[in-house]
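A closer look at the structure
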Amino acid sequence: MAIAAAEKTSARAFGPGTALSCRECGERYDLTPRFACEFCFGPLEIAYDFTGATRADIESGPNNIWRYRSLLPVPDNVAELPNMNPGLTPLVRADRLGAELGLRSVHVKDDSGNPTHSFKDRVVAMAVEAARTFGFTTLSCSSTGNLAGAVGAAASRAGFESCVFVPAGLEEAKIVMAAVYGGKVVAIDGNYDDVNRFCSELIGDPAGEGWGFVNVNLRPYYAEGSKTLAYEIAEQLGWRLPEQIVIPIASGSQLTKIDKGFKELIEVGLVEDRPYKIFGAQATGCSPVAQAWEAGHDVIQPVKPDTIAKSLAIGNPADGPYVLDVAERTGGSVEHVDDDAVRAGINLLARTEGIFAETAGGVTTGVLAKLVKEGRLDPDAETVVLNTGDGLKTLNAVDAGVTATVKPSVEAFTAAGLA
C-alpha cells in the first residue's frame, strides 16, 4: 500500500497534521495510508498541532479550499500543485425559502458549483494530495455516483490513472460523468455496501497494488475535506457559527467533519464559542441512523436501500454512531422524509431560490420543512441547509417539462390559456 513511501516524506507534507489518532481508543500512528486502528479497529482521523491560523491569512488566500491550508493536512505549496481546486461555493441568503417556511434567517450552502458539481470535489482534493505524497499511481473509490465523477476528474488533472466502482443501476448522468474523463468505471452487481466490501478486499490483493482508494485506505485524509464546508460557512457568515444547520447523511462523515471543523475554528480562536445545533437528514428508504435516533439506540442496524436519493443510499453508514453522538451533544436530531417529500424539497428550493438540487438537497430541504412544521427548529435562529449536488445529475427524480406545445402565433398561445 505504499506505506514505506510515507517514511521519506517531509515533515511539512501534511502541514499541521501530526499523526493518525483512533477515534475510539486514542492510539496514535504515523501519517500513513491506513484507516483503522489495529488494536480496537476504530476509525482513524488526523490529529493536528495548529499554529498561525489567522483570519487575515485565510482571507488573503486563494478562492478555494486551499485558503484554509493552515488547518488541513496538506503541504504549504498545495495551491501550486495540479488539483481541481474546489470550494468557496456560494452561501445563498434564502429569504424566499425562509418566508415560505416561516424562518427569519436561512441560508443555503450550495455546493453544486464545485468542478464536478458536488461536494465530493472537496474530499477528493484532499485525497489527491495524500496519494501524491504516498506515491500511489491509481486513484479509486467505491461510490454512489458523485464521488466516481470527482475521482475521475481529479485523477485526470493530477496525472493519475483511475478506476472507480459503482452499484449497477446508477443514474446514467453519473455514469457518464465518471466515464468521460477516460478512466475505468466498473459496475458491481449489488448495492453500495457490496461495492465497498469489494474495494476493501481489493486493497489487500496484488491487483490493487499502488492504488489509493480515496474513501478506504486514504479515508482519514479524504474525510478532512468536509471540514472546509464548516470553515466556509463560518467565514461567509462574517466569522460566526450558524445556530442551526441541516446536513445530509450518507456515510455520516460529512456531518461529523463539519462538527469537527466548527470545533477547530473555536479552538484556534477564529470564531466565538457559542452553541450550535446539528440536524442530520436521511431519506426514509435508507434511514438507518434516523431509525436508531427515533428508537433511542446507539447501534446502527443496517438496511437495504430503497430510495430515489441514491447519493445517500448507504445502508450501513460507517460514521452513523458518531452522527448520533453529534446530534445529541449539540441538541439537534436525525430525521428522515419519504421520496415524495424529497421531490417536494427539490421543487421548493428551485421555485423559491432558483437552486436546482439533486436528491440529497431535496432530502435536506424536506427535513428542514419537517423540522419547522413540527416545531423542532427555532424559526428565529440563523439556519443553514446544505445542497451538496446538482439536480442535472438526478433528472429522473423530478416531474418537470414543457408546459404546452402551441403553433407560433399569439392566437394559439392565448387559446391554450397561457396568456
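Residues numbered from 1 in each chain as written. Predicted model: local features only at pLDDT ≥ 70, side-chain atom pairs only at ≥ 80, totals over all residues. Heavy atoms only, no water.

1. What to know about the overall build of the protein
In plain terms, the rule: Helix and strand assignments follow DSSP, with helices taken as H or I runs no shorter than four residues and strands as E runs no shorter than two, numbered in order from the N terminus. With C-alpha atoms as the basis for the radius of gyration, the globule rule is written as 2.2 Å multiplied by the number of residues raised to the power 0.38. In this scheme, a residue with accessible area under 20% of its type's maximum is buried, one over 50% is exposed, and one in between is partly exposed, where area comes from a 1.4 Å probe on protein chains only.
Looking only at helices and strands, the protein has 15 helices and 13 strands in total. Scaling as 2.2 N^0.38, a compact globule of 419 residues should have a C-alpha radius of gyration of about 22 Å, and the protein matches this with 21 Å. Overall size of the protein, expressed as C-alpha extent along the three principal axes, is 75 × 45 × 45 Å. The buried share among the 419 residues of the protein stands at 58%.

2. Side note on the packing of helix 4 (residues 120-134) against helix 5 (residues 146-158)
In plain terms, the rule: Helix axes are fitted to C-alpha atoms over the stretch in contact, other axes to C-alpha atoms as well, and angles between N-to-C directions run from 0 to 180 degrees. Any angle from 65 to 115 degrees is called roughly perpendicular, while one under 35 is roughly parallel, one over 145 is roughly antiparallel, and all others are oblique. For any pair of crossing helices, the crossing counts as left-handed if the nearer helix is rotated counterclockwise from the farther one by less than a right angle, and right-handed if it is rotated clockwise. Here, two residues are considered to be in contact whenever any of their heavy atoms come within 4.5 Å of each other. Polar here means any residue outside two lists: the nonpolar Ala, Val, Leu, Ile, Met, Phe, Trp, Tyr, Cys and Pro, and the charged Asp, Glu, Lys and Arg; Gly therefore counts as polar.
Their axes nearest at 9 Å, the elements helix 4 and helix 5 cross at an angle of 45°. Relative to helix 5, the element helix 4 is oriented oblique. Our pair here, helix 4 against helix 5, has a crossing hand that is right-handed. Two secondary-structure elements touch here, helix 4 through Lys120, Asp121, Val124, Val128 and Arg132 and helix 5 through Asn146, Leu147, Ala150, Val151, Ala154 and Ala158. Its residues assigned to classes, the contact of helix 4 with helix 5 comprises seven nonpolar, one polar and three charged.

3. What to know about the sheet that holds strand 10 (residues 244-248)
Rule in force here: Paired strands, as defined in this entry, are two strands with at least two bridges between them according to DSSP.
An order of 4-5-13-10-11-12 is seen for the six strands of this open sheet, with the pairing classed as mixed. Strands with a single pairing partner mark the edges of an open sheet, and in this sheet they are strand 4 (91-93) and strand 12 (333-337). Within this sheet the neighbouring strands show an average axis-to-axis angle of 25°, counted without direction. Here helix 13 (residues 339-353) sits on the sheet and contacts strand 4, strand 5 (105-110), strand 11 (277-283), strand 12 and strand 13 (382-387); the angle it forms with strand 12, its principal contact strand, is near 95°. Packing against the sheet, helix 14 (residues 359-373) makes contact with strand 5, strand 10, strand 11, strand 12 and strand 13, and its axis sits at approximately 110° to strand 12.

4. Details of the packing of aromatic side chains
Under the convention used in this document: Here a pair means two rings of Phe, Tyr or Trp (six-membered ring of Trp) with centres within 6.5 Å. Their orientation is stacked below 30 degrees between planes, edge-to-face above 60, and tilted elsewhere. Look at NZ for Lys and CZ for Arg. If either is within 6 Å of the ring centre and within 35 degrees of the ring normal, a charge sits over the ring.
On inspection of all chains with the given rule, the structure shows nine aromatic pairs. Ring geometry for tyrosine 48 and phenylalanine 50: centres 4.7 Å apart, planes at 15°, overall stacked. Classification of tyrosine 48 as buried rests on a relative accessible area of 16%. For arginine 23, the ring lying beneath its charged end belongs to tyrosine 322, and the centroid distance is 4.2 Å.

5. Let's talk about the packing of helix 13 against helix 14
Packing of helix 13 against helix 14 brings their axes to within 7 Å, and their N-to-C directions diverge by 90°. Our classification of the angle between helix 13 and helix 14 gives roughly perpendicular. Facing helix 13, whose interface residues are Ala341, Val342, Gly345, Ile346, Leu348 and Leu349, helix 14 presents Thr359, Gly362, Val363, Thr365 and Gly366.

6. As for helix 12 (residues 320-330)
Regarding helix 12, the residues found buried are Gly320, Tyr322, Val323, Leu324, Val326, Ala327 and Thr330. Tucked into the core, helix 12 has its buried residues touching helix 10 (253-267), strand 11, helix 11 (288-295) and strand 12. Remark: glycine 331 follows helix 12 within two positions and exhibits a positive phi of approximately 85°.

7. Quick word on the sheet that holds strand 3 (residues 44-48)
With respect to topology, three strands assemble into an open sheet ordered 2-1-3, the strand pairing being antiparallel. Of all the strands in the sheet, just strand 2 (28-29) and strand 3 have a single pairing partner and so form its edges. Both strand 1 (residues 17-22) and strand 3 contribute to a ladder of five bridges, which runs antiparallel. Looking across to strand 3, one finds that serine 21 is bridged to glutamate 45.

8. Considering helix 11
Every buried residue of helix 11 is listed here: Pro288, Val289, Ala290 and Ala292. Once helix 11 finishes, glycine 296 follows within two positions and takes phi at roughly 75°, a positive value.

9. Concerning the state of the cysteines
A disulfide bridge is the covalent bond that connects two cysteines by way of their sulfur atoms. So the rule is basically this: Whenever a pair of cysteine sulfur atoms sits within 2.5 Å, that pair is classed as a disulfide.
Taken as a whole and assessed by the stated rule, the structure comprises zero disulfides. Cysteine cysteine 25 is unpaired, with the sulfur of cysteine 40 as its nearest cysteine sulfur at 3.7 Å. In this structure cysteine 141 is not part of a disulfide, and its nearest cysteine sulfur, from cysteine 199, lies 7.2 Å away. Judged by its relative accessible area of 0%, cysteine 141 is buried.

10. Concerning the side chain of arginine 219
Short version of the rule: When charges are counted, Lys and Arg contribute as positive and Asp and Glu as negative, whereas His and the chain ends are disregarded. Definition used for salt bridges: Asp or Glu carboxyl oxygen within 4 Å of a side-chain nitrogen of Lys or Arg. Under the rule applied, a polar contact is a pair of N or O atoms within 3.5 Å (in protein, one hydrogen donor and one hydrogen acceptor; residues adjacent in sequence only if both atoms are side-chain atoms).
Looking at the secondary structure, you find arginine 219 in helix 8 (residues 219-223). Buried and without a salt bridge, arginine 219 has aspartate 319 as its closest oppositely charged side chain, separated by 4.3 Å. For arginine 219, the side chain forms a polar contact with the main-chain oxygen of asparagine 215, separated by 3.4 Å. When sequence neighbours within four positions are dropped, the list of residues in contact with arginine 219 reads Phe35, Phe213, Val214, Ser251, Ser253 and Asp319.

Structural measurements only, silent on function.
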